[in-house]
Protein chains: 2
Amino acid sequence: MDRSATEPGSVGIVTPQTLHFAEPLTLECNRTLPSFDLVIETYGTLNSDKSNAILICHALSGSHHAAGYHSSDDKKAGWWDNMIGPNKAIDTNQFYVVCVNNIGSCFGSTGPTTINPDSIKNGGEPQVYGPDFPLVTIKDWVKTQALLSDRLGIDVWHAIVGGSMGGMQAMQWSVDYPDRLKRCVVIASTPKLSAQNIGFNEVARQSILSDPDFKDGRYLQAGTYPRRGLILARMVGHITYLTDDAMKAKFGRDLKSGKFMYGYDVEFQVESYLRYQGERFSKNFDANTYLLMTKALDYFDPTRDYAEPDDDKQAEHPIDSTNADENLSADNATDGQADNDRQHEFNALKTAFAHTKCQYLVVSFTTDWRFAPERSQEIVDALMATGKPVSYINVDAPHGHDSFLFNIPRYMGAVRGFLNAPFITNQQATKGAQS
Amino acid sequence: MDRSATEPGSVGIVTPQTLHFAEPLTLECNRTLPSFDLVIETYGTLNSDKSNAILICHALSGSHHAAGYHSSDDKKAGWWDNMIGPNKAIDTNQFYVVCVNNIGSCFGSTGPTTINPDSIKNGGEPQVYGPDFPLVTIKDWVKTQALLSDRLGIDVWHAIVGGSMGGMQAMQWSVDYPDRLKRCVVIASTPKLSAQNIGFNEVARQSILSDPDFKDGRYLQAGTYPRRGLILARMVGHITYLTDDAMKAKFGRDLKSGKFMYGYDVEFQVESYLRYQGERFSKNFDANTYLLMTKALDYFDPTRDYAEPDDDKQAEHPIDSTNADENLSADNATDGQADNDRQHEFNALKTAFAHTKCQYLVVSFTTDWRFAPERSQEIVDALMATGKPVSYINVDAPHGHDSFLFNIPRYMGAVRGFLNAPFITNQQATKGAQS
C-alpha cells in the first residue's frame, strides 16, 4: 500500500540520500573534520532555474525526515508532516523542499555514532567518534548547509525555515550568507539562550555526564548507554516544552491507580507520562549527540562576529564564589545596569542584522515559556530598527514551545502566505516608501 | 562574643531542644511510629496566659533553626532570621515563637536518618530507618505539631506562619484544628501542586532513585550517599525557585573563563552557580528525606477529607498510554471540562474552609512561577466566598519563589501589622456588617 495514494496531503514514500563531502571542514572550535556525510530528504521538484527551493532546519531531537513515510507500513510520518506536503503550508506541488540532518546528530550524518576515520587510518578497528566528535555550533551547521546548497546547485534559497533551534539556523543563514536566501522563517526561537535556558540544559547535561554508564562518552564501545541520564534529561526537557496549563488539561492531579500508594512507584498520571517519554527517548537518541546539541544551543549568538573586542568578557556581573551560598540578591544588578545590558544586546543584534537582504517572518506562541514571545520580539525589534522587512505573528496556542509542531490554522496560513508573497528587496521597499 | 549583644535585631544564641513523644503515632499511610522525637527552637517568652505563641512551619529544606545563632562563632543565622527577632516583623519582644523540625526531616526529629527502634528490639545492632521510614503528609505533620502544642500547654496559637510548604501546614492547621489558632499566615503557597509542580518533583526523585549510590535507600549502611542524584535534584529545584530575570541579572551569559571552551566543563557562570549549589546541598541533606518531602508536597490537598466519595478517582482525563508517544493535544480537554474542573476544585476548597475560625493573611510574590500569585488567589477567593476574614497582598519582588526568604519592607510590614491587629471572630465580623 502506497500511503501517498491514500493520503492526499502526504508526500508519500520518501528515501533519504547520503551526500559525501570529501573536503576537510574546519569548525568554530578550530578542530577539523577530514570529511563528512550529510543525510537529506527532498520533497517536490526543483524547477529549471532552481528558484523554488526551501531549506528546512531541524531542532534538537529532529532529523532529515520532516515529511512522508519511509515505507508503506511506516506508522509515523516525518516530524513536520502537517507543514510540508501537496497543498500544505509548504506546498510540495510548488516548492522543492530539502531537509538536512545536521552533523553531530545521530540519524546518519557524521556525528558521535559514525565511524571516526582516524580509527581506521593505520588499519585499526573501526571505532565511532563518540566523545571525540568535536563540539559544533549553529554557525558550523549553516556552513555545511551552504556546502550542501553548492552541491545541489542552489545559489539562492526561496526560503529557509526552522523552529526552535531550526529558527536559529535560519537566522544565522541570513547573517552569514545574506545573498543566498530570499526569505527567512524564524519560529519559536530566540536571539540567544537566557541563563535559565542554559541552566535547564546544564541539568540535562549533568544527568548524562554523571550517569556511571556514560563511561566518559565511550558507552557504545562498552556495550551500554547512559539510559538513566537520558531519561532524566528528556523528562526535564519535556516539562519545559509544555505548559502548566497544558499539563493540567492533560493530566490534572489524576492518579494512576485511583488512590495514594505512599511509595515511589508511579502515582500521578503525569509521572507515568514523563517516565514513558524519557524511556522512549533514551532508546532512540544518542547521549553524546544530546550533550553536543545542548551546547550548540547555549553557544548560539548571531551577534558574536559583530561584537566589540571587549564584549566577550569575563564576569560582567561580578560573582564572588565564596558568597555563592548566599541567597541571590537582585541588588547586585541595578536597574541602570540591566538597561545598559539590554541596550548593548539590542545594538549588537542590529549590527548583526544590518547587512541582511532577505525578508523575515517571525512566529512566536503565546504559551511558550522556553523561548517566550518577548524573545521573538527582540528579533523583530532589531530587524525593524535596521529597516529590514519583517512580519511577525504571536499565535495563541496552548501547547507551549511544542506549539510549532502543531497544525494551527493561523500559523500555517501565515507561513503559506509569506512563502507565496512576492519578494521585495530592501531597495524596492525603500523606493516604494519614497514615491 | 555574644552575637546577641552586637546585633540588636538578633535573638542571639539559641539552643535546640528535643521532645520525646512516647505514644504511638498512626500516619495517613496507615503505618504507625511507635514513638517519635521533635526538635524545636523557641525565641521570646511565653506569657502567663499562653496567648502570645506563634508557630513557624518550615519548607522543604528547612529546619527548626529559624532565627539566631547556635554558637558565638556560628557564621550563619537561622533561615528566617530577617523575619524573627526583637522588633522584627515577628517580634520576639512580644511573641513566644516556636519552630519545629518535622518528622521525616534530617535535622534531628525522627526520620530516615534516626534509629529505627525495630532494629534494636531484639538486641540487634541499631540501624537508621532509611527507606523504611513511612511516607508522611502535611496532615501528619500538623498532627505532630498539635501534640507539640499540648506538650507546651498552648491551647490556642496567636498565629501559625509558614512559607511554601510551611504555608501548606498553616492552611492544614486552620482546617484540622479550627479552634486552636487565631491567625494563619500562608506565604508563597498553593492549595495543591499542579501537574507541572509534580513533574519537576518527579525529575528530582528519579535523579535520586536512579543513582546507583542510592542503593534502594540503604546508602548510609553502605557507607555512601547518592551525591550525583542529590546534586541534580537540587539544580532543577533551584532553577524553579528563581526567575529567568533574576538569573539574567545575576549571571547573564557571562563566561567563567571569558571564552568558549568547546567542552563540558563549566563555561557559563550560571553552570558554576548551579553545580556549586547542588554540591553543597548534597553534603548537607539526606536523600530519603528529600524524596519524602517532595511526596508530602505532591500529596498535599486540604480538600481531601471533604471530597465526595468518587472524587478520588482514576484518570478523569482519559489517557491512552499506547498514544502517549503522540504530541499532547489540548483538544483532549475541552474548555467546558476545564471550567468544570475549576468549579469543582473551587467548591471543594470552599467546603474545606467552611468551618475554619481564624483570620488569614495570604502573601504571594509577583515573580514566583513555582507557586504563582494565581494559586494564592485561589485560596483567597475560596476564603472570601465562604465569608472568612482574609487579607491578601501580592508583593512585587524579583526573586521568584525564594522571595519569601527576603527582607522586603512591604511584605514584612504586612506580616507585622497582621500579627498585631485585633482578632475579630467571624461572628463579630458578621455583626459589624449588620450594624
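Parameters and conventions
- Residues numbered from 1 in each chain as written.
- Chains lettered and ligands numbered in written order.
- Predicted model: local features only at pLDDT ≥ 70, side-chain atom pairs only at ≥ 80, totals over all residues.
- Heavy atoms only, no water.
- UniProt positions renumbered as here; feature names shortened; annotations may be inferred.
- Helix = DSSP H or I, 4+ residues; strand = E, 2+ residues; numbered from the N terminus.
- Contact = heavy atoms within 4.5 Å.
- Salt bridge = Lys/Arg side-chain N within 4 Å of Asp/Glu carboxyl O.
- Buried < 20%, exposed > 50% of the residue type's maximum accessible area, 1.4 Å probe, protein only.
- Phe/Tyr/Trp six-rings, centres within 6.5 Å; stacked < 30°, edge-to-face > 60°.
- Lys NZ or Arg CZ within 6 Å of the ring centre and 35° of its normal.
- Buried area = accessible area lost by both parts, 1.4 Å probe.
- Polar contact = N/O pair within 3.5 Å; in protein donor to acceptor, adjacent residues only side chain to side chain.
- Nonpolar A, V, L, I, M, F, W, Y, C, P; charged D, E, K, R; others polar.
- Expected span 1.5 Å × (residues − 1).
- Arc of directions from axis to C-beta.
- Pairing = 2+ DSSP bridges.
- Axes fitted to C-alpha atoms, helices over the stretch in contact; angles between N-to-C directions.

I'm lost on the UniProt feature "site: Important for acyl-CoA specificity" (unreviewed entry) in chain A in this one. Help?
Residue and element names in this part refer to chain A. The feature "site: Important for acyl-CoA specificity" (unreviewed entry), as annotated in UniProt, sits at R370 in this numbering. Inspection of the secondary structure assignment puts R370 in the loop between strand 11 (359–365) and helix 11 (373–385). For R370, the contacting residues outside a window of four places in its chain are N197, N201, T240, Y241, L297 and H401.

Would you mind showing me how to read the pattern of salt bridges here?
Should the charged atoms of two oppositely charged side chains come close, the side chains can pair. For the structure shown, the criterion picks out 40 salt bridges over all chains. Where E271 of chain A meets K295 of chain B, a salt bridge forms, and the shortest distance between an N and an O atom there is 3.7 Å. Taken together, the residues span two chains, with E271 of chain A in helix 8 (residues 269–284) and K295 of chain B in helix 9 (residues 287–299). The two residues E271 of chain A and K295 of chain B agree in class, both being buried.

Quick question: what am I supposed to make of the packing of aromatic side chains here?
Each aromatic ring pair is characterised by the separation of its centres together with the angle its planes make. Counted by the stated rule, this structure contains 38 aromatic pairs over all chains. For the pair F285 of chain B and Y290 of chain B, a centre-to-centre distance of 6.0 Å together with 85 degrees between the ring planes defines the contact as edge-to-face. A residue is classified by how much of its surface remains accessible, and Y290 of chain B, at 3% relative accessible area, is buried. The side chain of R151 of chain A reaches across the aromatic face of F21 of chain A, ending 4.2 Å from its centre.

Sorry if this is basic, but what is going on with the interface of chain B and chain A here?
The parts lose accessible area when they come together, and the size of an interface is often stated as this lost area. Counting residues at the interface gives 91 residues for chain B, matched by 91 residues for chain A. Carbon and sulfur atoms make up 61% of the surface buried where chain B meets chain A, a total of about 8300 Å² over both sides. Linking chain B with chain A are 10 salt bridges, by the criterion used here. Residue R205 of chain A is joined to E271 of chain B by a salt bridge in which the shortest nitrogen-to-oxygen separation is 2.7 Å. Summed over the shared surface of chain B and chain A, the result is 22 residue pairs in polar contact (both at pLDDT 80 or more). Looking at the side of chain B that touches chain A, the elements that each hand over two or more residues are helix 5 (195–209), helix 6 (227–241), helix 7 (244–250), helix 8 (269–284) and helix 9 of chain B. The greatest single-element share of the side of chain B that touches chain A, amounting to 11 residues, is contributed by helix 5 of chain B. By residue class, the composition of the side of chain B that touches chain A is 41 nonpolar, 22 polar and 28 charged.

Looking at this structure, how should I read helix 12 (residues 409–420) of chain B?
An α-helix turns once every 3.6 residues. As a result, residues three or four positions apart point the same way. Residue and element names in this part refer to chain B. If you check helix 12, its first and last C-alpha atoms are 16 Å apart, about what 12 residues at 1.5 Å a residue would give, namely 16 Å. Of all the residues in helix 12, the buried ones are Y411, M412, A414, V415, F418 and L419. Buried residues along helix 12 cover an arc of 160 degrees about the axis, so they all sit on one side. Where helix 12 is buried, its residues meet strand 5 (53–57), strand 7 (90–91), strand 9 (159–163), strand 10 (183–187), strand 11 (359–365) and strand 12 (390–395).

What exactly am I supposed to notice about the sheet that holds strand 4 (residues 36–43) of chain B here?
Backbone-to-backbone hydrogen bonds join strands into a sheet, with any given pair of strands oriented parallel or antiparallel. Residues and elements named next belong to chain B. Here we have 8 strands laid out as an open sheet, ordered 1-4-8-5-9-10-11-12, and mixed in their pairing. Taken across any chain shown, the strands that pair with only one partner, and hence form the sheet edges, are strand 1 (17–21) and strand 12. In this sheet, adjacent strand axes meet at a mean angle of 20 degrees when their direction is disregarded. In terms of strand pairing, strand 5 meets strand 9 through 4 bridges, oriented parallel. Across the sheet, the residue bridging to C57 is G162, located in strand 9.

Teacher, can you tell me more about the sheet that holds strand 9 (residues 159–163) of chain A here?
All names here are of chain A. If you walk across this open sheet you meet the 8 strands as 1-4-8-5-9-10-11-12, and the pairing is mixed. If you trace the sheet from one side to the other, it starts and ends with strand 1 (17–21) and strand 12 (390–395), each paired once. The mean inter-strand angle of the sheet, taken between neighbouring strand axes irrespective of direction, is 20 degrees. Bridging between strand 11 and strand 12 involves 6 bridges; their strand directions are parallel. Within strand 12, the position partnered with V362 by the bridge is Y392. Strands strand 5 (53–57), strand 9, strand 10 (183–187) and strand 11 of the sheet are contacted by helix 4 (residues 165–176), whose axis makes an angle of about 150 degrees with strand 9. Strand contacts of helix 12 (residues 409–420): strand 5, strand 9, strand 10, strand 11 and strand 12, with the helix running at about 175 degrees to strand 11, the strand carrying the most contacts.

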